[in-house]
Amino acid sequence: MQFTPRRISSFILSALLALPALLAAQEPVTITGKVTSDAGQPLGQVEVAIPTMGLGALSKDDGSYVVVVPGARVSGQTATLVARRLGYKSQSAQVTLTTGAVTHDFVLAANPLQLGEVVVTGAGTTNTAEKLGNVRNSVSSDLISRANESNVTQALAAKAPNVTVVQQSGDPGASSFINIRGISSILGSNQPLFVVDGVPVDNSTFSTSNFNAPDDGGGQIGQFGQSEGTVQTNRAADLNPNDIESVEILKGPSASAIYGARAAAGVILITTKSGRAGPTHFSVRSSTSFDDINHVYPLQTGFGQGLFFVHADTTLGGNCDNPGVAVCARSWAPLAAGATIYDHSNELYRVGNSLDNGVTISGGNDRTTFYLSGDNAYTRGVIVGPNNYYSRSTVRFKGSHRVVETLKLGADLSFADVRAKYTQRGNNTNGIQLGDLRTPPEFNNYPFVVNGLQRAFRFQHPDAASGGLDRTFDNPLWTIFQSDNESKVGRVYGNVNAEYAPISWLKLNYTLGADYATDERLEGCPISSASPCTDGRVIEGKIVNYQINHNVTGTATYSLNSNFGGTVTVGQELNSRNVRQLGTVGRGLVAPAPFKLSNTVAQDLPIDAEQVVHNASWFGQTTFDVYGQLFLTAAVRNDASSTFGRDNLRSWFPKGSAAWEFTKAIGEQSWLSYGKARVAYGEAGTEPLPYLTSQTYSGSQILGGISQGTGNTPSQNGIGGLASNLLKAASVLKPERSKEFEAGADLGFFRDRADASITWYSKKSTDAILLQPLSPSTGFLQQAANAATIRNRGWEVSLNVRPVQQADFGWDVGLQWARNRSLILSVGTPVPASCTTSDVTDCPFIPIPGAFLNQVVMVGQPFGAYLGSGFLRCGVSPSSSPVAIDSAGNTGTMADVCGGKASGTLYIGPNGMPAQDHNPRIVMDPNYNWTGSVRTSVRYRKLRVAGLLDVRHGGKIWNGTMGALWSYGKHADTDQRAFCLTNSACAGNTKVFGQNGWYDGPVTGPGAGKAVPIGYNWYNQIAACPFIGIDEPCIQDAGFVKLREVSLNYTLDAPWVQRALGFASIDVRVAARNLKTWTNYTGYDPESNLGGAIDAAAGSSGVDYFNNPQTRSFVFAITLNH
Amino acid sequence: MQRKIHVALVSIGLLLGTAGCTSFLTGDKLSSDPNLPSAATAQQLFVAVQSGQFAFQEGTVAMMMCEWVQACGAANGRFVQQAGQYVFDETSNIGANAGDWLSVYDAGGLADIRQVKAATAASGDRVWLGIAKIWEAFTIGSASDMWGDVPYSEVTTSATPALDNRFTLLAALQTLLSDAITDLGSTGAGPGTADLIFNGDPDQCCRDQ
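Reference entry: report on the structure contained in this document. (Residues numbered from 1 in each chain as written. Chains lettered and ligands numbered in written order. Predicted model: local features only at pLDDT ≥ 70, side-chain atom pairs only at ≥ 80, totals over all residues. Heavy atoms only, no water.)

## A closer look at the overall build of chain A
Using the following cut-off: Secondary structure counts use DSSP, requiring at least four H or I residues in a row for a helix and at least two E residues in a row for a strand, with both numbered from the N terminus. In this setup the radius of gyration rests on C-alpha atoms only. A globule is expected at 2.2 Å times the number of residues raised to 0.38. Under the scheme applied here, a residue whose accessible area is under 20% of the maximum for its type counts as buried, over 50% as exposed, and between as partly exposed, the area being computed with a 1.4 Å probe on protein chains only. A contact between two residues is defined here by any heavy atoms of the two lying within 4.5 Å. Note that accessible areas follow from Shrake-Rupley with a 1.4 Å probe, and for residues the cover is restricted to the protein chains shown.
Counting secondary structure elements, chain A contains 15 helices and 65 strands. The globule rule puts the C-alpha radius of gyration for 1122 residues at 32 Å, and the 33 Å found for chain A is close to it. Within chain A, the fraction of its 1122 residues that count as buried is 57%. Relative to all contacts within chain A whose residues are 6 or more apart in sequence, the contacts with residues 24 or more apart total 70%. Carbon and sulfur atoms form 58% of the exposed surface of chain A, whose accessible area is close to 41600 Å².

## A few points about the side chain of A:Ser483
Residue and element names in this part refer to chain A. Operational definition: We define a polar contact as two N or O atoms separated by no more than 3.5 Å, with the added condition that, inside protein, one atom must be a possible hydrogen donor and the other a possible acceptor, whereas residues neighbouring each other in sequence contribute only through side-chain atom pairs.
Along the chain, Ser 483 turns up in the loop between α8 (476-482) and β29 (484-503). At a separation of 2.6 Å, a polar atom in the side chain of Ser 483 contacts the main-chain carbonyl oxygen of Thr 479. Look past the residues within four positions of Ser 483 in its chain and what remains in contact with it is Asn 387, Trp 478, Gly 524 and Pro 526.

## A few points about the sheet that holds strand β5 (residues 78-84) of chain A
All names here are of chain A. Quick note on the threshold: When DSSP finds at least two bridges between two strands, those strands are taken to pair. Lines are fitted to the C-alpha atoms to define the axes, a helix being fitted only along its stretch in contact, and any angle between axes, read from their N-to-C directions, falls within 0 to 180 degrees.
The strand order β3-β2-β5-β6 describes an open sheet built from 4 strands, whose pairing is antiparallel. Each end of this open sheet is capped by a strand with a single partner; those strands are β3 (55-58) and β6 (91-96). In this sheet, neighbouring strand axes are inclined to one another by 20 degrees on average, regardless of whether the strands run parallel or antiparallel. Pairing between strand β2 (residues 47-50) and β5: 3 bridges, direction antiparallel. From the neighbouring strand, Glu 47 faces β5, where its bridge partner is Arg 84.

## Here's the deal with the environment of A:Asn148
All names here are of chain A. Relative to the elements of secondary structure, Asn 148 occurs in the loop between α2 (141-146) and α3 (152-155). Residues Asn 148 and Arg 1073 lie 925 residues apart in sequence; the distance between their C-alpha atoms is 7.0 Å. Apart from residues lying up to four places away in sequence, Asn 148 is in contact with Arg 1069, Ala 1071, Arg 1073 and Val 1115. Looking at Asn 148, its side chain comes within polar contact range of the main-chain oxygen of Arg 146, at 3.1 Å.

## Describing a nonpolar patch on the surface
The test is simple: For patch building, the residue pool is restricted to those with more than 30% relative accessible area and no salt bridge; the joining distance is 9 Å between like charges and 5 Å between nonpolar side chains (Val, Leu, Ile, Met, Phe, Trp, Tyr). Salt bridges are defined by distance alone: a side-chain nitrogen of Lys or Arg within 4 Å of a carboxyl oxygen of Asp or Glu.
Residues A:Phe290, A:Val351, A:Val945, A:Leu1048, A:Val1070, A:Phe1114 and A:Phe1116 make up a contiguous nonpolar surface patch of about 580 Å² in total accessible area. Checked against the element boundaries, A:Val1070 lands in strand β62 (residues 1065-1073).

## With respect to the interface of chain B and chain A
The condition is simple: Note on definitions: buried area is the accessible-area loss of two parts on being combined, 1.4 Å probe, summed for both.
On the side of chain A, 58 residues touch chain B, which itself brings 57 residues to the contact. Here chain B and chain A share an interface that buries about 4800 Å² over both sides, 64% of which is from carbon and sulfur atoms. Applying the counting rule to chain B against chain A returns 1 salt bridge. Counting across the chain B and chain A interface gives 15 residue pairs in polar contact (both at pLDDT 80 or more).

## Section: the sheet that holds strand β54 (residues 956-959) of chain A
All names here are of chain A. Taken together, 3 strands build an open sheet; the order of strands is β60-β54-β64 and the sheet is mixed. Every other strand in the sheet has two partners, leaving β60 (1035-1037) and β64 (1103-1104) as the edge strands with one partner each. Strand contacts of helix α11 (residues 960-967): β54, β60 and β64, with the helix running at about 30 degrees to β54, the strand carrying the most contacts.

## Details of the pairing of β54(A)
Here β54(A) runs beside β60(A); their pairing, made up of 3 bridges, is antiparallel. Following the sheet pairing, A:Lys956 is matched in β60(A) by A:Asp1037.

## Looking at the nonpolar core
Residues and elements named next belong to chain A. Definition in use: Among buried residues, the Ala, Val, Leu, Ile, Met, Phe, Trp, Tyr and Cys ones that are joined through side-chain atoms within 4.5 Å form a nonpolar core.
Residues Trp 958, Phe 993, Ile 1014 and Trp 1018 are the most contacted members of the largest nonpolar core, which totals 61 residues. Elements with a minimum of two residues in this core: α6 (326-329), α7 (432-438), α8, β51 (921-924), α11 and α12 (1016-1019). For this core, the element with the highest residue contribution is α11, accounting for 4 residues.

## Describing the side chain of A:Ser673
Residues and elements named next belong to chain A. You can see Ser 673 is positioned in strand β37 (residues 672-686). By relative accessible area, Ser 673 is classed as buried at 10%. There is a polar contact of 2.9 Å between the side chain of Ser 673 and the side chain of Asp 752. With sequence-adjacent residues up to four places away left out, Ser 673 is seen in contact with Thr 663, Glu 668, Gly 748, Phe 749, Phe 750, Arg 751 and Asp 752.

## A short note on the packing of helix α7 (residues 126-147) of chain B against helix α8 (residues 166-184) of chain B
Residues and elements named next belong to chain B. Just so we agree on the cut-off: Any angle that is under 35 degrees is reported as roughly parallel, and any over 145 degrees as roughly antiparallel; angles of 65 to 115 degrees are reported as roughly perpendicular and all others as oblique. Two helices cross in a left-handed way if the nearer one is turned anticlockwise from the farther one by less than a right angle. They cross in a right-handed way if the turn is clockwise.
Look at α7 against α8: their axes get within 8 Å of each other, and the N-to-C directions meet at 160 degrees. What the angle tells us is that α7 and α8 run roughly antiparallel. Considering how the two elements wind past one another, α7 and α8 form a crossing that is left-handed.

## Some details on unusual backbone geometry
Leave glycine aside and you will find that most residues have negative phi; peptide bonds, for their part, are mostly trans. Residues and elements named next belong to chain A. The linkage connecting Tyr 446 with the following residue, Pro 447, adopts the cis geometry, with an omega of -10 degrees. Within the secondary structure layout, Pro 447 lies in the loop between α7 and β27 (449-450). Backbone torsion omega between Ala 593 and Pro 594 reads 0 degrees, so that peptide bond is classified as cis. In this fold, Pro 594 is placed in the loop between β32 (564-589) and β33 (600-603). The phi angle at Gln 45 is positive, at roughly 60 degrees, despite the residue not being glycine. If you trace the backbone, Gln 45 turns up in the loop between β1 (29-37) and β2.

## Looking at the pattern of salt bridges
All names here are of chain A. Evaluated as defined, the whole model comprises 53 salt bridges over all chains. Across the pair Arg 521 and Asp 519 runs a salt bridge whose closest N-O atoms are separated by 2.8 Å. Grouping residues by exposure puts Arg 521 and Asp 519 together as buried. Put simply, Glu 687 and Arg 577 hold a salt bridge, and the shortest N to O gap is 3.0 Å. In this pair, Glu 687 is assigned in the loop between β37 and β38 (697-698) and Arg 577 in strand β32, connecting sequence segments 110 residues apart. Arg 577 sits in the buried class, given a relative accessible area of 18%.

Rendered as structure tokens:
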């Protein structure tokens, strides 16, 4: 058709003529009203919608809502208007859509048990809360935002029973480790799989030290050992917690079997926020926090640098400018005359702060919704100087469009840019804690640069020629200001998805997701640092993680008759994970700067590790509902993984559960408003590490040598050489398999005024893979095998009470309690009868790979028990242990001195001191005895005060920092000290073992009751656990009670706010995080883990050795909602 | 529109259904380690053997002998176990380096010597085979010098090889050396410059000495 002028004018004319008729039909209908709770409180964030028309809106904080129906769709018909909000029972009403305004108010009844609400159960399956056969643990966006944590993993601390979160330290960006129901794998990660909007995402932690095997013992198999270097973050921290709508925790195989071989440690299902139909909603959020260390290390300030009461000669030309001089290392002398005291426990710290600014825009109409957010979170750490920060910028878009009634397309895209600078710490002569806490009180760490080179307490007068000389321990300020430890991450993840419902009972879902991240690392250690980088060193590396996931499911809903019905879901998942780690070490800086590999004298062979893992899986789930009260679920997954090895590509993982809402059968009681009993069984797996079935040769493995760096590489004289790998290929490997049985009940009391949940579970993990030691004369050192069996079982209880629920006043309290008992049943070798819990000498065990201490997987013990050394004690040490039995020094055995003594009685030798038991024994179990939390929230009108206590009871931690500082005469305990002229010739400060708070308890032996001087002879020669090897004095209680969260929240939504400021509401929040910790631990914080998520994931937690302190924060936040 | 979507979905389904699953699971970089070679030539292994034995002879053997005759001492907590307490077994030194018996039997030791022997026997290079036998006798002989009875005869047949009586073992090594002399006199190109000591010259190597 051609638009000639004549035709256009006639078109306009006919359009004008038709206008009145069109106008009549296009009059929109405005539905307004107010939503309140049954307690009379106005409810915001209620979705009021006409689902059949795809129209809706969110109510404002004053409860009012407006839904506009376009005139074109109005024909006087009746429509169903539904109001729903999490935590309330949804309600529907019939409204007649006639021209003009329609008013309908809703009163929603509280639904604390969330009955009827849709719960995502993984891999595209959903269920409703009351039909679940597993205990449900979900965390709402509200609880996540109240945690004030930038790392979503840490925000889950104390949110669900048996979900244990441990933060590595208070460094900005420090990793948090999360574990559910105990450690069950030796080589696997033991952390749950993270799934965001249906797509698995990376949550790995990688230590830059792993690029530097010669100095730091980096791992070849997996990523083990993070006792040195800096902390690093875990990749789940790339998520902006403000984008999270809800988190569902699948705690173990009985719930997570639908994820098969990757789900033995559970699954964290994260759903992000979406836009909803209705007016476009803006919010602007800004929060700031002020952070400081929560504990100051106790140091002595009364004694100075030197040994045996002889002060070190610290003058120019004195022997303190030579590395390794013993008299200069420690603080076992009187203070120098007139010396000034410097506070080394405080000089490294400042009040750090963080600033988090974000914007969110969301909205949509009947066909299209969108959610767009942008956020920058910047944390300036508590350590002085410019090199301690973590900055994360995120952008997120989520949109969906209904193309036709049956087809909805969606996309979900996130970008994260993370830049951080970390600080060297830990078991590391270049670490700040080791140098700082060992510095004598009279040494001023300023200036730390002289002639461009380092000045430190063991090297006090650097001249221009001292560049390549070892300072033994770095001046902490030198490390802080002069070294550079960076991570720069760019990450994109998201998915495209389609939802297709061709017929009323069938729905097809397709999701194609990807997650790509590069992490560029740099560690620059300047010239004149302590060994191993006296000449300067640069580590550069890059980690690339790329994951693609395809998931398609079809769900059919059926109903046999009104009493029997259910769903059937069938799906397929393909997953590809690619990891590349490429890095190298440059040794010897040519010029002092820059820290670039090209500015180094020599470079190590690069670490170039690539891993590709593919999975191809099928799964199906069916649910069957009987009489609306018995809900059965059965599921099975068939997983194939490239890690299983060629001959064993596929594996089955079944699951089944039953839930019986018995209150439907017996009727609601006056006190019992809801009751459900449930049982579930499921199996899930842990994939073997890739390539364990592949026999290889190595051209870089170091052969022979008497200490690090003295061996040869296989290549010599310019001719390439290859040597057999010490790891023998496994002929066949199956996935590790965890079989979990869970049973429990969920109850609602007094018309849901209170609810309780109790769960018992037992999880047996078989075929756990370990590297079995081989006899070296077979040609290999070790071989992977499905050999170990590990059991975790325990209880989980939660109780929530809502005593007051009124319009103006509300109060609720939540209690959680959980315990998990870990027990190693087998490590694949026969257990001799002589192996008992009291005498472990003959018990088979495997050392945990990469553990800092000799933490083991030992039959009859909990995972991660520490096989260490203690003092001779009756009933604990072998009765045949030879000991002196009288003051004359005649020898006998422990049996001779232990007659009639209680078990645990401490043996005291003729010198009045305890003595080492040379028989190794289990000296520590790092696992908590039980964990719990107390949460409460009080609401008065628009004011809400909330608090959360995190309680962890039992469990031990090895305080190696304390042992080392005893040895160096720096710990506050050594303020009281004997006067020692040699290792043993001491006088003064006498103590009697077993009395007056000095190792209280029963004692025996020839020296029992003898008063002995306690000084260098004890602190340096016996008690210094990291150096002497008797662990017992360093083992402390790891339990604590921590005031995790306190917050005070006020919502301004009075009409003047809208009039004067243009915002619907303003939320103002004042909060504190980790405000107070109650503990017997004397180090920085019992919630400390030297190896962070890497070591904790391997089961070796409970180690503190010059790790950085934890922090506490005050937070101020304001959110403007439009 | 609706129809086209149906067609598209069915096509996707068929595509997924027919995609080769096996190659998706066992293809490149999946079943075999992409980071390390899965095969090695006689030359590569032979260079590694020499490299490994240099490190062993000049490191562990030299240091231990020196300590045992009390010409060297241990200091600063290093080597105290071996020198001070004469603890010296298959796992000693595992912490400090790769472990003493690993040098004798594993990478760069007997495991790789045996592979050199197999490869040269298969290619018919008797000269190289003879040289490899001499390395085997040298390596195991040194181990026996230090430890006395050591595993040898059951090394390839048992998961826990028994210790051979020292004199039986030395007799076996003597036979091995006699075989080596015969091999050196027969045909074969030899290792050439990959023999880092004698450039593969059988005359220099051992035949007449």
